Amino acid sequence: MDTVEFHHESVIRQAAQRYRDVPGALLPILHHIQDTIGFIPNQTASELSPILNLSRAEIHGVITYYHHFKQTPPAKHTLAICQAEACQARGCRSLTKEVTEMLAGDHDWHVEHTYCLGLCATGPAIEIDGQLKAHATSEKLQKWIKDAKENA
Amino acid sequence: MKHTVFIPCDSAALAAGAEEVAQEIIRLAEEAGIAINIKRNGSRGMFWLEPLVEVEVDGIRHAYGPVSVEQVADLFAADFLNAGTHELYQGVTEDIEYLKNQERLTFARIGITEPLSLQDYEKYDGWVGLKKAISLKPADIVQEVLDSGLRGRGGAGFPAGIKWRTVMQATADQKYIVINADEGDSGTFADRMVMEDDPYMLIEGMIIAGIAVGATKGYVYIRSEYPHAVDTMTEAVRLAREANYLGQNILGSSFTFEIEIRKAAGSYVCGEETALLESLEGKRGIVRAKPPLPALEGLFGRPTVINNVLTMAAVPYVLAQGAKAYADFGMGRSRGTLPFQLAGNIARGGLVEKAFGVTARELIEVYGGGTFTKRPIKAVQIGGPLGAYIPADKLDIAMDYEALAQKGAVLGHGGVVVFDDTVDMAEQAKYAMEFCALESCGKCTPCRIGSTRGVEVIAKIQSQPQQAVAQTALLRDLCDTMLNGSLCAMGGMTPYPVLSALDHFPEDFNITKTEQHAA
């Protein structure tokens, strides 16, 4: 077992210990793991299975059902752009195309689609590395991306 | 004299740059040696003016907005701390037309107070409903909610009092209060604002519900796309517990109530109450068949009150002011007010709380000021992604559950999304099917497979106009199956936006009005 896997295992065990007496603990445990490591590592289902007395299939089912849980390590930067109706009405479709092309091939960036950030009166709405941004335009996007790179 | 400056901490304000503006104001005040007192209030809900900076002069608040970092120095030069004249000056906040003519019962405090300040909450009538509830018999609390006519604000419009009464009358070792804060509908943000900007109101409503039905534990299930709401609610629960509004012997009474905040994980279907309960139990968010009703066998198989954020947030007012005061607002069977949310392509987007019965046109034109792009309106989607599209000439419709249902539309959670004349309605219909395909939990075949077939059929209508007549007939057939063959609203209501787009805008589907009627 290498050190990364060892670290992951200890995080998974820690999460399970912390929440094991909480009824319906699986989602809080998975959130804890993802918030700590950045994603849900491969061995999660088999590690949690005996502790929670759930089958690996049940746990795997939950991990893969929810859009929020990621099974691969995140890129250095994440840009989520809202695709829902209120942002469509403000031009998110063309903006999505633009930003996807802009960042294509840049492995530091992961562009993902999100469905409503609750900023529907000030769209198009985006989230860059956890920061919410309203009234997105292509010029502003370029600046925000540049800022995010500099702050990294 | 120390000046008080208010800069909102609501996420819509933050996304528009409120934090940077706050830092700049602090920096420039320090440089100039001016003593200021910064307050981070909730948002007034006038999002086109965010970041909205307010200054208090002689007890009256004046508004400036939308303020950018670059304009802060200019504001100081214009002596904004003493309500000086500036192009961003919007007048006395309370007198702004948009706010002045609203009927804010649930949103009475929002934008005025600091969200986590218990002192502010008490000062502006907080906990009055709870104190009243502690003095009443549980059955009387339930009666009060019944008499207020309060109906579920999540979309279904089921009378809250009946739900509460069913749970009250059930016998069990444990009962639960669950708040549905999985506000996934595009065009809605009222739940988010309640949680970020007035969290104690929701907590107060939950405690009252707990006392009424005999529940000692509550959960708030908040979508993961709302990190600020999760943080604010978590902190509010902690502070409320410290002050003995939560925990044992609440305010010296014999009542116990605890609240746990749960973060959802990005599944739209979990906004459906039974899927939400499955998710809280740590499972995939798959819809349950009803019966059994959650009121009898809900969370962990126990009797459960599950209410939307806005429903529960209305409860403290109902208890404090009495059922009649609340029921005096509204029309027909829709009593009270609804915080409407104006979104999409709209000049003045934001939150407008009005009694039921206001027309869609009044909301969009008088409050919203028409489209942001200044182009004509083509269609308005009311009630989220499962709501119908209403064409511009049919907007004189009253915003009321029954009035909209009569027109084949729904009020949903009160979201109003405006589109201008550049929108392609076939594209919108296709998106509705795509969204259903993405979010379907997979339990019902018409929803799981029908949505994917729907995307294909609409794509064919778009790419092969000569087949449009036959394909639209097929699309109607498919919608009929989804409508009648799905357990929950996901598959059962996706046809609403699709069919309304097709009915009102056949030309976007490559068919004429005559062909439409023949099909």
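Here the structure is shown first, and the text comes after it.
Predicted model, so just to flag it, every value in this text is computed and none were measured.

### Focus: the overall build of chain A
Inference 1: From N to C terminus, chain A includes seven helices and four strands.
Inference 2: Its helices and strands taken in sequence order, chain A reads α-α-α-α-β-α-α-β-β-β-α from the N to the C terminus.
Inference 3: When the backbone C-alpha atoms are referred to their principal axes, chain A occupies close to 50 × 30 × 20 Å.
Inference 4: Buried residues in chain A amount to 51% of all 152 residues.
Inference 5: For chain A, contacts bridging at least 24 residues in sequence account for 60% of all contacts bridging at least 6.

### Points about the environment of T106(B)
Residue and element names in this part refer to chain B.
Inference 1: By the element assignment, T106 lies in the loop between α4 (97-100) and α5 (118-123).
Inference 2: Using a relative accessible area of 5% as the deciding quantity, one classes T106 as buried.
Inference 3: Between the C-alpha atoms of T106 and T337, which are 231 residues apart in sequence, the distance is 8.1 Å.

### Details of the interface of chain B and chain A
Inference 1: Between chain B and chain A, the contact holds 58 residues from the first and 35 residues from the second.
Inference 2: Roughly 3500 Å² of surface becomes buried between chain B and chain A when both sides are summed, with 57% attributable to carbon and sulfur atoms.
Inference 3: Across the chain B-chain A interface, the total number found is one salt bridge.
Inference 4: For D35(A), the salt bridge identified is with K263(B), shortest N-O distance 3.6 Å.
Inference 5: Where chain B touches chain A, the interface holds 21 residue pairs in polar contact (both at pLDDT 80 or more).

### Looking at the side chain of E278(B)
All names here are of chain B.
Inference 1: Residue position: E278 is located in helix α12 (residues 273-280).
Inference 2: Only 2.7 Å separates the side chain of E278 from the side chain of R288, close enough to count as a polar contact.
Inference 3: Not counting residues up to four positions away in its chain, the partners in contact with E278 are K283, R284, G285, I286 and R288.

Rules used in this analysis
Residues numbered from 1 in each chain as written. Chains lettered and ligands numbered in written order. Predicted model: local features only at pLDDT ≥ 70, side-chain atom pairs only at ≥ 80, totals over all residues. Heavy atoms only, no water. Helix = DSSP H or I, 4+ residues; strand = E, 2+ residues; numbered from the N terminus. Buried < 20%, exposed > 50% of the residue type's maximum accessible area, 1.4 Å probe, protein only. Contact = heavy atoms within 4.5 Å. Buried area = accessible area lost by both parts, 1.4 Å probe. Salt bridge = Lys/Arg side-chain N within 4 Å of Asp/Glu carboxyl O. Polar contact = N/O pair within 3.5 Å; in protein donor to acceptor, adjacent residues only side chain to side chain.

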